[in-house]
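Okay, here's what each chain looks like letter by letter:
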Amino acid sequence: MAEPADTVRVPVALGERSYDILIGRGVLGEAGALIARRIPGCRAAIVTDSTVGRHHLETLESSLAEAGIDCSAIVVSPGEGSKNFATFEQVVDAVIAGRFERGDAIVALGGGVVGDLAGFVAGVVRRGMHFVQIPTSLLAQVDSSVGGKTGINVSHGKNLVGVFHQPDLVLADTGVLDTLSERHFRAGYAEVVKYGLINDADFFVWLEENWRDVFAGGPARTHAIATSCRSKAAIVARDERESGERALLNLGHTFGHALEAATGYGDRLVHGEAISIGMVLAHDFSVRMNLASKDDADRVRAHFAGVGLPTTLAEIPGDLPDADGLMTLISQDKKVSRGSLTFILTHGIGKAFIAKDVVPDAVRDFLAEAKAAGART
């Protein structure tokens, strides 16, 4: 079975658990044959949400049927609110009631929420089932679908309950992104920029020059997604379980996750918007700590603002906790180790590094000033 024309293959090298990311327009329509080749004889439990399902479920079901794969769909509510224990239990019950076995596949058709939720289910039902990611948002295609992190949120914070469970295959159809709202495409773009800011200054320069073409679609979009996936795949291959280098992928996330928790994980602030603000804060804090130049921080802020992403606390609708409240949320972050704060900071664009034992009072003062600056505007 040939892959669709112009498909880009990005391998994730994890020994016997290695898998491919296939990126290109039209991949969804070939999903059945591609899954059958990777997991022969499987049945498939499709996990999707009602919004994505309206657009893409029929295409996937038809493709699976053509490949002789028996399937059934489990539809959850859209949005971050579905990454909870109640929805997790609902999906687990449906998988078990459907008599899906360990050799069958959980197929995630959706954005990051669906992928994280379905992957967690795949990781624990029958002590581990096959898992296929079909990400339908830009954010999921370049970030959450790759690397095996799965999980749900709890009241204390984001992604605090979950497992590492690598997919067998990732199918990133660039065409499905045409159905995204402009807001959600922009939010996903924040995670694309992240790869340039971590360790690829040339990619950041390319994005500064070509971001409009990425938004428009076509070869530039495929190039941006493939470059992002190659960057993440290389880091995951070297540090699968985030014992070291993989933490760099959390640039902006310690701040961003606290802001998501503060705003209730809803439409008030979607993930990519929180990460946009978080990456700007990480660069500004690096400047404050005399680690990076103000010119680089200003350039990062200008790029995010230029594409229409928020860059300041003042742009978040509604009230936020004070600096102490935000610090409480930061203290629940997974990147806290034995009470010490670990941040991903930077020496400049493309020069991110892991900063351990960051002084909490320095972060608290920085956040207090950032909030005060917003109050003055």
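Throughout what follows, the structure given in this document is the object of discussion.

Conventions adopted
- Residues numbered from 1 in each chain as written.
- Predicted model: local features only at pLDDT ≥ 70, side-chain atom pairs only at ≥ 80, totals over all residues.
- Heavy atoms only, no water.
- Pairing = 2+ DSSP bridges.
- Helix = DSSP H or I, 4+ residues; strand = E, 2+ residues; numbered from the N terminus.
- Axes fitted to C-alpha atoms, helices over the stretch in contact; angles between N-to-C directions.
- Contact = heavy atoms within 4.5 Å.
- Buried < 20%, exposed > 50% of the residue type's maximum accessible area, 1.4 Å probe, protein only.
- Parallel < 35°, antiparallel > 145°, perpendicular 65-115°, else oblique.
- Left-handed = near helix turned anticlockwise from the far one by under 90°.
- Nonpolar A, V, L, I, M, F, W, Y, C, P; charged D, E, K, R; others polar.

Right, let's talk about the sheet that holds strand β3 (residues 44-49) for a bit. Taken in spatial order, the seven strands make up an open sheet running β1-β2-β9-β6-β5-β3-β4, and their pairing is mixed. Looking along the sheet, the strands with just one partner apiece sit at the ends: β1 (8-12) and β4 (71-76). Taken pair by pair, the neighbouring strands of this sheet meet at an average axis angle of 20°, ignoring direction. Sitting on the sheet, helix α2 (residues 50-66) is in contact with β3, β4, β5 (105-110) and β6 (130-135), with an inclination near 160° to β3. Running at roughly 15° to β1, helix α8 (residues 219-238) makes contact with β1 and β2 (19-23) of the sheet.

Looking now at the environment of Val 52. Mapped onto the fold, Val 52 is located in helix α2. For Val 52, a relative accessible area of 12% translates into the label buried.

Turning our eyes to something else, we now look at the packing of helix α6 (residues 182-199) against helix α11 (residues 294-306). Two elements in contact, α6 and α11, have axes separated by 11 Å at closest approach and are oriented at 155°. By the angle between their axes, α6 is roughly antiparallel relative to α11. Judged by the twist between their axes, the crossing of α6 over α11 is right-handed. Of the residues in α11, those touching α6 at Tyr 189, Ala 190, Val 193 and Leu 197 are Val 300, His 303 and Phe 304. Residues belonging to the contact of α6 with α11 are distributed by class as follows: six nonpolar, one polar and no charged.

So, to be careful, I would describe these as geometric facts and stop short of saying anything about function.
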